[in-house]
Amino acid sequence: DVNLEDVYLGKEKCVDAKGNILMPGFIDVHIHGSAGIDFMDADVKDYKKISESLYNEGVTTYLATTLTSDNKSLTKVCKNVAKASRENPSLYGVHLEGPYISAKHKGAQNEKFIREPNIDELKQLLKDSNGLVRYISLAPEYKNACDFIKKATKLGVVCSCGHTDTTFDDVRKAIKAGLTNMTHTHNAMSGYHHRNPGALSAAMYFDELNCELICDRIHVCDNTLKTFSKIVGADRIIMITDALKIKNSKINEFELFGLPCERKNGAAYLKTGPLAGSLLTMDQGIRNMKEVCGFSLCELAKISSYNAAKSLHLKDRGEIKVDYLADFVLLDKNLKVKEVYKLGEKVR
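Residues numbered from 1 in each chain as written. Predicted model: local features only at pLDDT ≥ 70, side-chain atom pairs only at ≥ 80, totals over all residues. Heavy atoms only, no water.

### Quick notes on the pattern of salt bridges
Consideration 1: Under the criterion given, the structure shown has 17 salt bridges.
Consideration 2: Between Lys 106 and Glu 111 there is a salt bridge, and its shortest N-O distance comes to 3.6 Å.
Consideration 3: Residue classification places Lys 106 among the partly exposed positions, given a relative accessible area of 27%.
Consideration 4: We classify Glu 111 as partly exposed; its relative accessible area is 41%.
Consideration 5: For Arg 217, the salt bridge goes to Asp 222, with nearest N and O atoms at 2.6 Å.
Consideration 6: According to the relative accessible area criterion, Asp 222 is partly exposed, its value standing at 24%.
Consideration 7: One salt-bridge network, in which partners are shared between bridges, spans Arg 217, Asp 222 and Glu 291. (Salt bridge = Lys/Arg side-chain N within 4 Å of Asp/Glu carboxyl O. Buried < 20%, exposed > 50% of the residue type's maximum accessible area, 1.4 Å probe, protein only.)

Listed below in C-alpha cells is the structure:
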C-alpha cells in the first residue's frame, strides 16, 4: 500500500518504474533547434520552450549548435546560452559547427561566412559564453588547423572533424594535436577511397575518434548504418539528431540562416536539393538502431548517452551510478518514452 513516490531514503526519492526500461537521460551534442525555434535566432526565453520539447524525447543534456555565420551572430548565441543555462539545466553549452570548414563540403552552411581557424575569435566566444563553448566542428586541412586544435583543446573545447575535404594523414596529424571526434560521420566529408582515403576512412580506422551519426535512416542508409556499426562498434558511436527548428513543429518552409529550406520526405532539404538537416528525435533514433543494427539495450545506452558524456569529459551523467545526476528516461518495451527525470525531478 506504500506509494513509492512518497518514500525518501535520505534526500533520494524512490520512484516505481513499473516494469519499464530505465536508461540514462539522452545527450544530444548536435542539434540546431526544435519547436519552431533555431538557436541562431533564439532569445533567452526561447530556451525553455526548446528544452521542454526535448524532454519529450528523453533529452536531458544538449548543446545548442550554431551555423557557419558572422561573428556578431555567434556572439549573440554565446551570450544568450550563458544567460539561458542558468534556468535550463539541460542546456550544457554551445557546439560551434563552423565557421572553420571546407567550402567543398559546406552542406547547408552559408559559404560566404566560411573562414580560417582563428584562436582569438574562439577565445572571445568562450568569454562571451561564460566558458560554455564546449565543442567545435572544423576542417583539419587548414594549414593552421593543428595549432588551433592544440590550443582549443587546452581551453577545454572538444574538437571534431566535420564539413571537410581532409585526407587520412591530415586526420592522423590532427589527432596528435587533440582531435577526438567526427561530425555527422559520412555526411559532408571526404569519403572512403582505396587510393585516396579521406575523413570517413579515418573515422573507421582510428580508435581515438568518437563518431557522431545521424540515425534517421535518411542521412545514412540502413546498409551503411549496419556496415559502420559492425566496423566501429557501439563504443565509438555518438548518436545525434542534427535536427533543425521545424522538428516538433508544423512548419514546412523556412530559412536556414538565409538559405531557403523545406520539409520533405521525412527530413529538411535546401530548396536547391541537398539535405539540410533532420527531424529526428533521440528516442526514434534508438528505435532505429535497435531495428537496423540489433543493438542491445546496453549498446543503445552507450550511443545515446554514455559515449557523448565521455567525449565531453563529463563525470556526472551518462550512466546510472551512485553520485551521478539523476537524469533518467523510462521507456516501454517498444522503446517509447514514458517518463523523463532531470536532476531527480519528473519533467515529462
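### Here's the deal with the environment of Ala 234
Consideration 1: Relative to the helices and strands, Ala 234 is located in the loop between helix 7 (222–232) and strand 13 (237–240).
Consideration 2: Along the sequence, Ala 234 and Ala 308 sit 74 residues apart, while their C-alpha atoms lie 12 Å from each other.
Consideration 3: Not counting the four nearest positions on each side in its chain, Ala 234 is found in contact with Phe 295, Glu 299, Lys 302, Ile 303 and Asn 307. (Helix = DSSP H or I, 4+ residues; strand = E, 2+ residues; numbered from the N terminus. Contact = heavy atoms within 4.5 Å.)

### Regarding the environment of Ile 246
Consideration 1: Tracing the chain through its elements places Ile 246 in the loop between strand 13 and strand 14 (253–256).
Consideration 2: Residue class for Ile 246 comes out buried when judged on its relative accessible area of 0%.
Consideration 3: Along the primary structure Ile 246 and Lys 45 are separated by 201 residues, whereas in three dimensions their C-alpha atoms are 18 Å apart.

### Section: the side chain of Gln 109
Consideration 1: Inspection of the secondary structure assignment puts Gln 109 in the loop between strand 8 (91–97) and helix 3 (119–128).
Consideration 2: The buried category is assigned to Gln 109, whose relative accessible area is 5%.
Consideration 3: A distance of 3.5 Å separates the side chain of Gln 109 from the side chain of Glu 97, its partner in a polar contact.
Consideration 4: The residues touching Gln 109, leaving out its near neighbours within four places in the chain, are Leu 67, Thr 68, Glu 97, Ile 101, His 163 and Leu 259. (Polar contact = N/O pair within 3.5 Å; in protein donor to acceptor, adjacent residues only side chain to side chain.)

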